[in-house]
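Residues per chain are reported as follows:
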Amino acid sequence: MAVARVAPMRAWALRLRPRLALGKLCPTPPLSALCRGLNGLTGLPGAKTILEENVADSVFMVKPTGFTSNLETMQDNKFMGELEEPMSSDELKEVVMSEWQSLVSALEAAGVEVLTAEAQGLPDEVFPNNWFSTHCDGRIVLYPMKVPSRAAEVRPDIIETVRRKFGLVEPIYDMTPWAKSGVALEGTGSLVLDRHKKMAYLATSQRADRNLAQIWAKELGYDLVCFSSRDRNGQEIYHTNVLMSVNSNFAVICPSAIPDPHELKAVYDALKRSHKVVVNVTMEQLENFACNCLQLRGSKGSVLAISEAGWSSLDDSQRGVLESCVDQVVSARVPTLERIGGGSVRCMVAELFKRRGQVEDSKRGLNCCESEHGRLELVIVHEPGLEVDAVMPWTLDTMKVDECFNRVHLKSQHRDFTSLLKGRGAQVVHVRDLLIEVSHQGEEVRRDLFESVWGKDFVDGHNLANLQVDQLITGFSRESLQFEQPPLMNLFFMRDPVFSVPGGWVVIARPFFPIRHQESRLLRAIFRLHPSLKDVKVYEGLVDDPEVTIEGGDILVADSETVLVGVSQRTNEKGADKLAKFLFENTPVQRVVKVFIPKQRAFMHLDTLFTFLDRATVLTMPYFWSKPEIYAEVARRANLLNEKMGSDQRQNVEEWVKEPPRIEVLFKGDPIPKKYKHAMTGLQAEGVIDQAYFVCGAEGSWPSPEAHVAAALTEQWNDAANVFCLAPGTVVAYKWCTRTIAHLQDNGVDVLELDGVELMKGRGGARCMTFPMRRSLSLEV
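Owing to the predicted nature of the structure, the values given are computational and were not obtained by experimental measurement. (Residues numbered from 1 in each chain as written. Predicted model: local features only at pLDDT ≥ 70, side-chain atom pairs only at ≥ 80, totals over all residues. Heavy atoms only, no water.)

**A look at the overall build of the chain**
Thought 1: Within the chain one finds 26 helices and 35 strands.
Thought 2: Its C-alpha radius of gyration of 28 Å places the chain within 12% of the 28 Å reference for a compact globule of 781 residues.
Thought 3: Principal axes of the C-alpha set define a box for the chain whose edges measure 85 × 65 × 50 Å.
Thought 4: Looking at the chain as a whole, 59% of its 781 residues qualify as buried. (Helix = DSSP H or I, 4+ residues; strand = E, 2+ residues; numbered from the N terminus. Rg over C-alpha atoms; globule rule 2.2 N^0.38 Å. Buried < 20%, exposed > 50% of the residue type's maximum accessible area, 1.4 Å probe, protein only.)

**Some thoughts on the side chain of Thr620**
Thought 1: Its location among the elements puts Thr620 in strand S28 (residues 617-620).
Thought 2: Looking at Thr620, its side chain comes within polar contact range of the main-chain oxygen of Leu609, at 2.7 Å.
Thought 3: Engagement of the side chain of Thr620 in a polar contact is seen with the side chain of Trp625, the distance being 2.8 Å.
Thought 4: Discounting residues that sit within four places of it in the chain, Thr620 has contacts with Leu609, Phe610, Trp625, Met680, Tyr693, Phe694 and Val695. (Polar contact = N/O pair within 3.5 Å; in protein donor to acceptor, adjacent residues only side chain to side chain. Contact = heavy atoms within 4.5 Å.)

**Here's the deal with the packing of aromatic side chains**
Thought 1: Overall, the coordinates contain 23 aromatic pairs when judged by the stated rule.
Thought 2: Plain terms: the ring middles of Phe405 and Phe492 are 6.3 Å apart, the flat faces sit at 85° to each other, and that makes the pair edge-to-face. With Phe405 in the loop between helix H13 (396-399) and helix H14 (407-423) and Phe492 in the loop between strand S20 (482-485) and strand S21 (498-501), this pair connects stretches of sequence that are 87 residues apart.
Thought 3: Taking relative accessible area as the criterion, Phe405 reaches 14% and is therefore assigned buried.
Thought 4: Ring geometry for Tyr631 against Trp656: centres 4.9 Å apart, planes inclined by 25°, an arrangement best described as stacked. Here Trp656 lies in helix H22 (residues 653-658) and Tyr631 lies in helix H21 (residues 628-644), a separation of 25 residues in the sequence.
Thought 5: Here Tyr631 falls in the buried class, since its relative accessible area comes to 3%. (Phe/Tyr/Trp six-rings, centres within 6.5 Å; stacked < 30°, edge-to-face > 60°.)

**Thoughts on the nonpolar core**
Thought 1: Residues Leu421, Leu564, Leu606, Leu609, Phe610, Phe624 and Trp625 are the most contacted members of the largest nonpolar core, which totals 79 residues.
Thought 2: Residues contacting Leu564, with those up to four places away along its chain left out, are Asp554, Ile555, Leu556, Ala558, Val593, Val595, Leu606, Phe610, Leu683 and Val688.
Thought 3: Among the nonpolar cores identified, the runner-up in size contains 39 residues, and Leu243, Ile253, Ala257 and Leu304 belong to it. (Core = buried A, V, L, I, M, F, W, Y, C linked by side-chain atoms within 4.5 Å.)

**Some words on the sheet that holds strand S24 (residues 555-559)**
Thought 1: Pairing is mixed across the open sheet formed by 5 strands, whose spatial order is S24-S25-S26-S29-S30. Looking at the sheet topology across the chains shown, the edges are occupied by S24 and strand S30 (670-676). Along the sheet, successive strands turn relative to each other by an average axial angle of 25°, direction set aside.
Thought 2: Of the pairings in the sheet, the one linking strand S29 (residues 662-667) to S30 comprises 4 bridges and is antiparallel in character. If you follow Phe667 over to S30, its bridge partner there is Asp670.
Thought 3: Of the strands in this sheet, S24, strand S25 (562-567), strand S26 (591-596) and S29 touch helix H20 (residues 573-586), which is tilted by about 170° from S26. (Pairing = 2+ DSSP bridges. Axes fitted to C-alpha atoms, helices over the stretch in contact; angles between N-to-C directions.)

**Points about the environment of Val548**
Thought 1: Assignment of secondary structure puts Val548 in the loop between strand S23 (537-539) and S24.
Thought 2: Considering only alpha carbons, one finds Val548 and Tyr222, 326 residues apart in sequence, at a separation of 46 Å.
Thought 3: The residues contacting Val548, other than those within four sequence positions of it, are Arg510, Leu542, Asn572, Lys574, Gly575 and Lys578.

**As for the environment of Glu219**
Thought 1: Within the secondary structure, Glu219 sits in helix H5 (residues 210-220).
Thought 2: Separated by 46 residues in sequence, Glu219 and Tyr173 place their C-alpha atoms 9.0 Å apart.
Thought 3: Here the side chain of Glu219 touches Arg139 through a polar contact of 2.8 Å, side chain to side chain.

**What to know about the pairing of strand S12 (residues 277-280)**
Thought 1: Sheet topology note: the strand S11 (residues 250-253)/S12 ladder contains 4 bridges and is parallel. When the sheet's bridge partners are listed, Ala251 is paired in S12 with Val278.
Thought 2: Once the chain exits S11 it traverses helix H6 (residues 261-273) before rejoining the sheet at S12, and the crossover so formed is right-handed. (Right-handed = clockwise from strand over helix to strand, strands pointing away.)

**Some details on the confidence of the model for the chain**
Thought 1: In this model, the chain carries a mean pLDDT of 88, and residues with pLDDT of at least 70 account for 91%.
Thought 2: This stretch, residues 45-51, has a pLDDT under 50; its non-local contacts, to residues over four places away or in other chains, come to 26 contacts.
Thought 3: In this model, residues 357-363 is a region of pLDDT below 50 whose contacts with residues beyond four sequence positions or in other chains number 12 contacts. (pLDDT = per-residue confidence, 0-100.)

**Focus: the pairing of strand S34 (residues 750-754)**
Thought 1: Counting buried residues along S34, 4 of its 5 residues qualify, which places the element largely inside the surrounding structure.
Thought 2: Handedness of the crossover joining strand S33 (residues 730-734) and S34 through helix H25 (residues 738-746): right-handed.

**Remarks on the packing of helix H16 (residues 443-454) against helix H19 (residues 517-529)**
Thought 1: Axis separation between H16 and H19 bottoms out at 8 Å; the angle between their running directions is 155°. As far as their axial angle goes, H19 and H16 are roughly antiparallel. Where H16 crosses over H19, the two elements pack in a sense that is right-handed. Counting all contacts with H16, which are made through Val445, Asp448, Leu449, Ser452, Val453 and Trp454, the residues of H19 involved are Gln518, Arg521, Leu522, Ala525, Arg528 and Leu529.
Thought 2: Grouping the constituent residues of the contact of H16 with H19 by class yields 7 nonpolar, 2 polar and 3 charged. (Parallel < 35°, antiparallel > 145°, perpendicular 65-115°, else oblique. Left-handed = near helix turned anticlockwise from the far one by under 90°. Nonpolar A, V, L, I, M, F, W, Y, C, P; charged D, E, K, R; others polar.)

**Section: the pattern of salt bridges**
Thought 1: Evaluation of the coordinates by the stated rule reveals 54 salt bridges.
Thought 2: Across the pair Arg207 and Asp76 runs a salt bridge, and its minimum N-O distance is 2.8 Å. Linking Arg207 in the loop between strand S8 (199-203) and H5 with Asp76 in the loop between strand S2 (58-62) and helix H1 (89-109), this pair joins segments that are 131 residues apart in sequence.
Thought 3: Measuring nitrogen to oxygen at the nearest pair gives 2.7 Å for the salt bridge that ties Lys578 to Asp545. (Salt bridge = Lys/Arg side-chain N within 4 Å of Asp/Glu carboxyl O.)

**Considering helix H3 (residues 156-166)**
Thought 1: Of all 11 residues making up H3, 8 are buried, and the element is well covered by its neighbours.
Thought 2: Inspection of H3 places Pro156, Asp157, Ile158, Ile159, Thr161, Val162, Arg163 and Phe166 among the buried residues, and these make up the whole buried set.
Thought 3: Here the buried face of H3 lies against S2, strand S3 (113-117), strand S4 (132-134), strand S5 (140-142) and strand S16 (350-352).
Thought 4: Of the residues trailing H3, Gly167 is marked for its positive phi of about 65°.

**Quick word on the sheet that holds strand S6 (residues 173-174)**
Pairing between the strands of a sheet comes from backbone hydrogen bonds, and it takes one of two forms, parallel or antiparallel.
Thought 1: Here we have 3 strands laid out as an open sheet, ordered S4-S5-S6, and mixed in their pairing. Only two strands of the sheet have a single neighbouring strand rather than two, namely S4 and S6.
Thought 2: Relative to S5, S4 runs antiparallel, the two being bridged by 3 bridges. Residue pairing across strands places Ser133 opposite Val141, the latter belonging to S5.

Below, the structure is given as C-alpha cells:
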C-alpha cells in the first residue's frame, strides 16, 4: 500500500447564519418526471442519466459544540453508553472537540477537502450524514428523522451553501414530511449506498422504514436490498452503516448481524455481482465500529476513514486486505464520541458530490477525453475469453501474437487490471455486456447487430435464433479451428479499433491487419445500436477507406487542442492526414503532431514507446528521439552477435540513420506544416512536453548509452513504456518492468503494479487494454 505524503488542504469553513425556519424548499419532482436510461448489466448511463460517483473527495462535518448524550435516541441506539469517569459539560466539550479536530486534520492531511460548520447546540449535530445526502444528478435529499431533536438539525443555510458550491441546482427531494406519519429514513446511516452500481442496502429498523426506502429507491433509480438485523442481545441495530460499509471495490460486513440466512445470501449475492472484495468481521469488531468506515478520495489516491478503535479491533489479515484496497488508511481516535454518541467516523462525515448533471453533460457529453492524464471516469474494456483458444502454435502469425495463452490466467490477470481501475473510482464497462444489452432490444435490433458485423448474406444463411451474441467475439465455428466467422483474438486490446478525440467524438479506426477489421465493425454497431451510446458522436470516415490504416495506439490526446498521431507500422500517413482534416473541421483541435517512428513490430504504435504520466510529462525510450545513432549501434552489435551464434536474425541498421524519428506539426488553417528533425526538441518547443522520464532510468545513469538502450529495449518489449494514466501522476504498469517502475517511483509517480505475465504475451500493455470514454477536465483533480 502506497502512503501518500501530501500537504494538508485548507478546510473550507462555511460561514453560516443562525438556524432559520425551514420554510418552503423546492418541491419534489413527480416520479413521472424522472429520466432514466438503461441500467442493466453495464450500469452504463443513458443519454439523460448521470454517472454517479462512488467515492467523494469532499466531506461536510459539524463541530460538536453542543454534543451530549441524547435521551431521545438512546431508546433504540444500544451502542450509546456512559463514560467510566463522569465529565463536566466544559470538559466533555473540550474532549470531543479535540477528537473531532483530529479526524478533520487527518482527512485534510490525506488530501480530502473538509467543509465545516458551526453547530446550533443540538446533541447529535456531529452526525450530519443522517439528515441529508448529495448526488451527482444535482440533487440534495433531505430525510425524515425519528426524533424531534434530530429533525431540528435540518438547516436551510447549510443546504443553500452546499448547493451553490457544488452546483446542486436540481429541485431538492424533501422527504422530511414523512416524519409526521411516524416513519423515518435516516440518510446514509439507514441507507448504505453503492452509488456506482446504483445499489442501496437497508437494515430495517425504527429509523429505516422499508416502504419509505422503496419510494426513495424508485425516485433515485436504485435497486434496494432489504434485510433485518440483530445485535448480540437480539435487539434491532439502529443504523445499517453500523453493520456494513460498501465502497468502490470492497465491503466490510458483520454476517452474524443478519440472522436470516436467505437475507444474508441476498446481501452477499449483491456484493458478488458488484465485484466487491468482502471483509467479514465479528460481532465484537462491529461493536468497536469496524464497519462504520468510509472510502474517500484524497489528492493521491483512495483513503479509508475509520476510527482507531475499529481499526485496532481488526486482525492482521483483515487489515491487510483493506490496505490492499486503498492507498492510505486514516484512523482517528474518537472514543468519547463513540461511547456517548453511539456512532463513529462514518457517521461524522456527510459526503459531498458535485453535480455532473445536464448542464455539465451538455458541455461534455458521455464521451469526453480531452487529455491523456485527466482522472479516469469511464472506460470500456473486453475481458478475454474463449476466442483466445484459437491461438495455437500453428496460428500464432495469423493471430498476431508470439505465444499461446493460458486462458484461465489471462482472464484472472485482466480482472486484476479492471479491479485496479475500479479501485480508483472509474466505471468499467465490458464489451460483452454492451452486446447483451443491444441484443435484448428485440429481434429487429438483434438482426441488425449480426448483419452489421457478419453481413446480411451470412445471417440469412443461418437461423438468427441459433446465433449467440458471444460468437461475435469468439467466432462462429462448428468444429475446432473451422471458423466461418473469425474469433476476435485481439479485442482485449481495446485501444486500437476505436478511440476518443476532443469535442466528444469517437473515431472508428481501420486497423492495419485485415483480421482486426471486424473489431471496428463490431464497435461501430455497438455505438449505433446501444441505447446509451447511440447519441455519442461517431466518425466513421476512416473505417471503410482502403487507402487508410490507423489504430488507436498511435493516437495520444495531449490537450483539448493538440493530438499526436504516430506514423508507424500500423498507422500510415494518409490515415494521419485524413484524421487531421476531420479534427480541424469538427473539433476544437488546433494542431495535429505527426510523429514518425520506425516501422518495426517492436514499435508497432506510438504508445509502445511514448505515453503521458501527467500534464506535459511523459515516459519514453532513452535516446530514441535525440540520438537514434545509438540504436543503430545496438542493432549493429546485435547483428554481429546473431551472426556469431549462427542465426539469420538481423536488424535494419540503416533505417535508424536514414529515417530517424521526427515530427511534423499541422496547424488548423495553415497548409504548410512545421517540421522538426529532432522530435523531442520539437515537442518541447511546441509546449507539448516539459518533462520526460525514461524506460530503465534517467539518461546518463548507465555505464554507457548502449547498455541503457539494450536494457530498455528488453523492458520495452514487455510494454514498459505502455503505462496507462488513471489520474495526474498515477499510472498502471506491468510489475515485470522493475527498473522503469523504480525510476518513476523515485520521481514521485504513483505506480500501480499489475502482475500481467500472461497479458504480456499479447504484446500490449495497460494503455493498450483500454478505451477511455470519459476523463475529468484538465483543470479538475
